[in-house]
Number of protein chains: 2
Amino acid sequence: MPIDANIHIPQETARRLSLYLRSLKRLIQNKTKVASSEEITRFLNVSSVQFRKDLSYFGEFGRRGIGYDVETLRQEIGKILGTNVVRKIALIGVGKLGFALLGYPGFLELNLQISAAFDNDPEKIGKVLAGIKIEDIRRMKELIINRGIKIAVLSVPADEAQGISEKLAGSGIKAILNFAPVNLSLPGNIYVSNVDMASELESLVYKLKRGRL
Amino acid sequence: MPIDANIHIPQETARRLSLYLRSLKRLIQNKTKVASSEEITRFLNVSSVQFRKDLSYFGEFGRRGIGYDVETLRQEIGKILGTNVVRKIALIGVGKLGFALLGYPGFLELNLQISAAFDNDPEKIGKVLAGIKIEDIRRMKELIINRGIKIAVLSVPADEAQGISEKLAGSGIKAILNFAPVNLSLPGNIYVSNVDMASELESLVYKLKRGRL
């Protein structure tokens with residue numbers, strides 16, 4: 001079954017594909033070889049109908065009445081999402097959150113390899129944490145270029161984020177996962193994804209207030 | 001200037017209000033007493049026009065040609081967002097991410113007080129981390145009810161999240177900040193906010209792939 005892994009898919013579909021991928025990995029851990037659409041979507045809060053519809057973008061996968069070959073489907077979705085290739089990432093800021101991210105298993109699951117970590121704290125520079133040597137942030141540009149890193153994870157204080165992200169843009173970084181609670185203003189060819197816990201929390205508090213709790 | 005803090009506001013406005021709040025806190029730290037809309041929005045990537053429009057929902061705040069009283073505006077936005085009241089939260093799951101969250105300063109900034117933390121690891125139960133005693137997850141319902149906690153932060157493995165969230169719903173929890181990479185299926189009166197780093201990362205990798213990097 002030939003698939004076209006280069007077809008453009010909507011963002012919501014891409015998000016669901018990544019949920020399917022995680023479900024397939026869990027099935028593989030449990031030594032499952034073949035699974036139905038119901039089994040694959042069981043813990044996802046996505047219907048099996050939606051699942052089949054999403055896959056239909058890419059051609060025929062499962063076999064009616066038999067199910068899906070779990071390992072094949074995992075590989076195919078990996079190709080579609082681009083997680084079948086190892087990519088290097090740089091972690092900027094090794095505070096509490098950055099330290100937690102150094103040990104975050106989700107990176108490896110997506111073939112993302114932390115290839116450099118930076119901080120400006122003399123107490124941290126030179127230390128090895130979770131197997132990664134912390135480098136002086138003044139060497140950020142040099143090391144990112146030398147190591148060919150294209151993805152940065154930004155976990156620095158809010159007031160430093162814009163300036164550092166501009167330096168990242170000037171170092172050839174193409175995508176930033178931003179944990180700082182600011183909207184970064186960067187050239188349009190830099191993709192920024194925001195993980196703003198504080199805003200989520202505030203929004204949650206606001207919902208609670210509205211609910212008169 | 002009387003304001004109506006109970007008016008309903010769109011979610012996007014609420015998000016921007018929380019950005020303004022953070023900016024105001026920074027100005028207060030820097031001993032600024034009065035600031036213009038341009039100064040308040042400087043690091044936010046939100047225009048001063050948008051800022052004035054957002055505030056106009058609630059009445060008149062600043063004075064033309066003079067600016068905004070920073071402390072007053074902070075208090076008023078806090079009332080609107082509901083962050084002027086101390087609320088208790090429970091942290092469920094003290095793994096790497098949960099441990100980072102125990103020390104996350106953003107909770108205190110929003111008047112959210114971690115009033116209980118739970119894990120099922122005998123090595124962790126009874127220990128005090130970041131000033132919080134880790135309790136046996138089997139006591140979760142009892143302690144959440146006794147302490148009147150209405151907000152839970154869920155940082156447990158994906159396959160445990162649904163079951164635990166149902167127990168939380170049964171313990172009177174009204175809002176969940178969910179870090180587990182699953183869509184929780186819960187009664188409609190429970191508000192769930194997802195912080196799905198893995199999906200953000202996958203989406204980012206997908207964008208990179210589309211950009212042929």
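Residues numbered from 1 in each chain as written. Chains lettered and ligands numbered in written order. Predicted model: local features only at pLDDT ≥ 70, side-chain atom pairs only at ≥ 80, totals over all residues. Heavy atoms only, no water.

**Let's talk about the packing of aromatic side chains**
All names here are of chain A.
Part 1 of the argument: Scanning the model with the defined rule gives 4 aromatic pairs over all chains in all.
Part 2 of the argument: Ring centres of Tyr20 and Phe51 lie 4.8 Å apart, and the angle between their planes is 80 degrees; this geometry places the pair in the edge-to-face category. Of this pair, Tyr20 sits in helix H1 (residues 11-29) while Phe51 is found in helix H3 (residues 48-56), placing the two residues 31 residues apart along the sequence. Both residues of the pair, Tyr20 and Phe51, belong to the buried class.
Part 3 of the argument: Measuring from ring centre to ring centre gives 5.2 Å for Phe51 and Tyr68, while their planes differ by 80 degrees; the resulting arrangement is edge-to-face. (Phe/Tyr/Trp six-rings, centres within 6.5 Å; stacked < 30°, edge-to-face > 60°. Helix = DSSP H or I, 4+ residues; strand = E, 2+ residues; numbered from the N terminus. Buried < 20%, exposed > 50% of the residue type's maximum accessible area, 1.4 Å probe, protein only.)

**So, the relation of the copies chain B and chain A**
Part 1 of the argument: Its rotation angle being 180 degrees, the transformation that places chain B on chain A also includes 0.0 Å of axial translation and leaves an RMSD of 0.0 Å. Taken together, the turn and the small shift mark the pair as related by a two-fold rotation axis. Relative to the rotation axis, the C-alpha of B:Ala100 is the closest in chain B, positioned 3.0 Å from it.
Part 2 of the argument: Looking at the interface residues of chain B, 100% of them are also at the interface in chain A, so both copies use one shared face. (Least-squares fit on C-alpha atoms with pLDDT ≥ 70 in both. Contact = heavy atoms within 4.5 Å.)

**Describing the pattern of salt bridges**
Part 1 of the argument: Scanning the model with the defined rule gives 16 salt bridges over all chains in all.
Part 2 of the argument: We note a salt bridge from B:Arg52 to B:Glu38, for which the minimum N-O separation is 3.9 Å. Here B:Arg52 is found in helix H3 (residues 48-56), whereas its partner B:Glu38 is found in helix H2 (residues 37-41), with 14 residues between them in sequence.
Part 3 of the argument: Judged by its relative accessible area of 38%, B:Arg52 falls in the partly exposed class.
Part 4 of the argument: Here B:Arg147 and B:Glu135 are joined by a salt bridge, their closest N and O atoms 3.8 Å apart. Of the two residues, B:Arg147 sits in the loop between helix H7 (140-146) and strand S7 (151-154) while B:Glu135 sits in strand S6 (residues 132-136), which places them 12 residues apart along the sequence.
Part 5 of the argument: On the basis of relative accessibility, which here comes to 30%, the residue B:Arg147 falls in the partly exposed class.
Part 6 of the argument: Given a relative accessible area of 8%, B:Glu135 falls into the buried group.
Part 7 of the argument: A single network of salt bridges, built from pairs that share partners, joins A:Glu135, A:Arg139, A:Glu142 and A:Arg147. (Salt bridge = Lys/Arg side-chain N within 4 Å of Asp/Glu carboxyl O.)

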